[in-house]
Amino acid sequence: MNQHVGLIVEDDLAMAEDLAEVLRSLEYAFVTVDNKRDALAAVRGSPFCFILLDLHIKLDNESIRGHFDHGRSLLREIRAMYSDHTGAGWSLPILVVSGHAREVDTAVDVMRDGADHVIQK
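Notes on the structure in this doc start here.

Rules of the game
- Residues numbered from 1 in each chain as written.
- Predicted model: local features only at pLDDT ≥ 70, side-chain atom pairs only at ≥ 80, totals over all residues.
- Heavy atoms only, no water.
- Core = buried A, V, L, I, M, F, W, Y, C linked by side-chain atoms within 4.5 Å.
- Buried < 20%, exposed > 50% of the residue type's maximum accessible area, 1.4 Å probe, protein only.
- Helix = DSSP H or I, 4+ residues; strand = E, 2+ residues; numbered from the N terminus.
- Arc of directions from axis to C-beta.
- Contact = heavy atoms within 4.5 Å.
- Polar contact = N/O pair within 3.5 Å; in protein donor to acceptor, adjacent residues only side chain to side chain.
- Axes fitted to C-alpha atoms, helices over the stretch in contact; angles between N-to-C directions.
- Parallel < 35°, antiparallel > 145°, perpendicular 65-115°, else oblique.
- Left-handed = near helix turned anticlockwise from the far one by under 90°.
- Nonpolar A, V, L, I, M, F, W, Y, C, P; charged D, E, K, R; others polar.
- Expected span 1.5 Å × (residues − 1).
- Salt bridge = Lys/Arg side-chain N within 4 Å of Asp/Glu carboxyl O.

In this structure, L7, V9, I51, L53, L74, L75 and I78 are the most contacted members of the largest nonpolar core, which totals 21 residues. Looking at this core, the elements with two or more residues in it are β1 (5-9), α2 (36-45), β3 (50-53), α3 (68-81) and β4 (94-98). Counting 7 residues, the second largest nonpolar core, distinct from the first, contains I8, A20, L23 and L52.

Dropping the structure here:
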């Protein structure tokens with residue numbers, strides 16, 4: 001039996017564990033990364049069924065703080081790699097889970113960048 005595998009991109013450890021618990025309850029497998037560079041490496045190295053993406057993430061392991069631009073640029077880069085659209089949705093769904101997409105303009109911009117949905121923290 002094939003199991004769905006998701007990628008969690010979240011640099012807040014508590015939130016990453018909450019998202020992981022949701023996926024466990026649905027019997028999904030998952031990989032968790034906390035920065036843009038590791039997320040890109042994971043996407044290039046493994047097939048995923050979906051991505052849960054926080055917008056405010058670190059650039060790499062050495063970064064101390066996250067930044068909104070890292071998540072937005074990651075979204076655009078992944079969407080460029082997986083640009084197939086079936087008419088009903090993208091071949092690789094990306095769900096943005098972020099407190100930084102609360103404003104309508106920001107949420108609309110993120111959707112234009114290729115997010116399938118925006119879920120507010």
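Structure's up, so let's keep going.
Another point: α2. For α2, the full list of buried residues reads K36, A39, L40, A42 and V43. In a view along the axis of α2, the buried residues occupy a sector of 160°, so they form one face of it. Opposite the buried face of α2, at more than 90 degrees from it, the exposed residues are R44 and G45. In this structure, the buried side of α2 is in contact with β1, β2 (29-33), β3 and α3. A distance of 3.2 Å separates the backbone nitrogen of R37 from a side-chain oxygen at the start of α2, and that oxygen is part of N35.

What follows covers the packing of α2 against α3. Running from N to C, α2 and α3 point in directions that differ by 15°, and their axes come no closer than 10 Å. One element, α2, and the other, α3, form an angle in the roughly parallel class. Every pair of crossing elements has a handedness; the one defined by α2 and α3 is right-handed. Of α3, the residues touching α2 (which contributes K36, A39, L40, V43 and R44) are H70, S73, L74, E77, I78 and M81. Of the residues contributing to the contact of α2 with α3, the split by class is 6 nonpolar, 2 polar and 3 charged.

Locating R72 in the fold gives a position in helix α3. The exposure class of R72 is buried, given its relative accessible area of 15%. Apart from residues no more than four positions distant in its own chain, R72 is found in contact with L55, D109, V110 and D113.

Okay, helix α1 (residues 13-25) next. Quick reminder: α-helices carry 3.6 residues per turn. Residues three or four places apart thus point the same way. Here α1 spans 18 Å end to end across 13 residues, near enough to the 18 Å set by a 1.5 Å rise per residue. Listed as buried for α1 are A16, L19, A20 and L23. Projected down its long axis, α1 carries its buried residues within an arc of 105°, all on one side. Relative to its buried face, α1 has exposed residues pointing more than 90 degrees away, namely A14 and S25. Backbone nitrogen of A14 and a side-chain oxygen of the N-cap are separated by 3.1 Å at the start of α1; the cap is D12. With its phi angle positive at about 60°, E27 sits one or two positions after the end of α1.

In this section: the pattern of salt bridges. Summed over the entire model, instances satisfying the criterion amount to 11 salt bridges. Here D116 ties to R79 by a salt bridge, and the two come within 3.4 Å at their closest N and O atoms. Separated by 37 residues along the polypeptide, D116 in the loop between α4 (104-113) and β5 (117-120) and R79 in helix α3 bring together distant segments of the chain. Given a relative accessible area of 16%, D116 falls into the buried group.

Function cannot be read off these values alone, since they describe shape.
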